[in-house]
Amino acid sequence: MCSPPNTTKSKVSVYASGEQTMMDASQSRRHLLFLPLLKLFVKWGITANHLTGLSLLCGIGFCFTYGLNWDQAKLLAFSLLLFHVLLDGIDGPLARFQGIAGSRGSFTDTASDQLVVAFTTITLIHYGNVTIIAGSLYLFFYTLIVVFAMIRSSLAIPYSWLVRPRFIVYAWLPVETYFLPGTLNYLLWIFILLLGWKSLTGFYKIRRKL
């Protein structure tokens, strides 16, 4: 029988204290769901870092295929983005299954996710899905909130909750492309307001702690 995943919180993490119970439950469910796959990965010598790297390549691959001028380009791009999300959801359970989960892996995973957020946002600006102002502010505040979350966690003052809109943005892209063009820009402005507020409160909490 396989031992349950190690859900010990990393020393430097972007997870808020109020979300830890939810994250523990999510990790346990993903462990059970992906257990046969995790065993295969271990058998094949695949590590969590391999999955993180492949997830990053899939995310960047979206950027290079999204604007191609052939019929199935958008479908390929969305498939790559989906693989990015799936692999991002498996690398953590694999690390815990192999007993190598820790701050270093958490930081690598977070950096990889943030790179994909940056590349996809720049791509959407380039192809006119969002304006340069909305896209730039979204990317700025998204990066700032991740940095502040890590600092706050290391100072033992984590957020009570965090805003992670990237999954909603990714899921909305097919809606924007096929059904409601022009709506993604409005969605970004909603997240800009939320991220901006969390950045402001995060700044003052960090400043008071120093």
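Structure shown above.
Residues numbered from 1 in each chain as written. Predicted model: local features only at pLDDT ≥ 70, side-chain atom pairs only at ≥ 80, totals over all residues. Heavy atoms only, no water.

Relative to the 34 Å expected for 24 residues at 1.5 Å per residue, helix 4 (residues 103-126) spans 34 Å between its end C-alpha atoms, a close match to the ideal helical length. One or two steps after helix 4, the chain reaches Gly-128, where phi turns positive at roughly 80 degrees. (Helix = DSSP H or I, 4+ residues; strand = E, 2+ residues; numbered from the N terminus. Expected span 1.5 Å × (residues − 1).)

Where charged atoms from two side chains of opposite charge come close, those side chains can pair. In this structure the tally under the stated criterion is two salt bridges. Salt-bridge contacts for Arg-166 lead to Asp-88; the nearest nitrogen and oxygen are separated by 3.0 Å. Taken together, the residues Arg-166 in helix 6 (residues 166-178) and Asp-88 in helix 3 (residues 73-97) connect sequence positions 78 residues apart. Residue class for Asp-88 comes out buried when judged on its relative accessible area of 9%. Put simply, Asp-113 and Arg-166 hold a salt bridge, and the shortest N to O gap is 3.2 Å. Here Asp-113 is found in helix 4, whereas its partner Arg-166 is found in helix 6, with 53 residues between them in sequence. Here Arg-166 falls in the buried class, since its relative accessible area comes to 8%. Connected through shared salt-bridge partners, Asp-88, Asp-113 and Arg-166 make up one network. (Salt bridge = Lys/Arg side-chain N within 4 Å of Asp/Glu carboxyl O. Buried < 20%, exposed > 50% of the residue type's maximum accessible area, 1.4 Å probe, protein only.)

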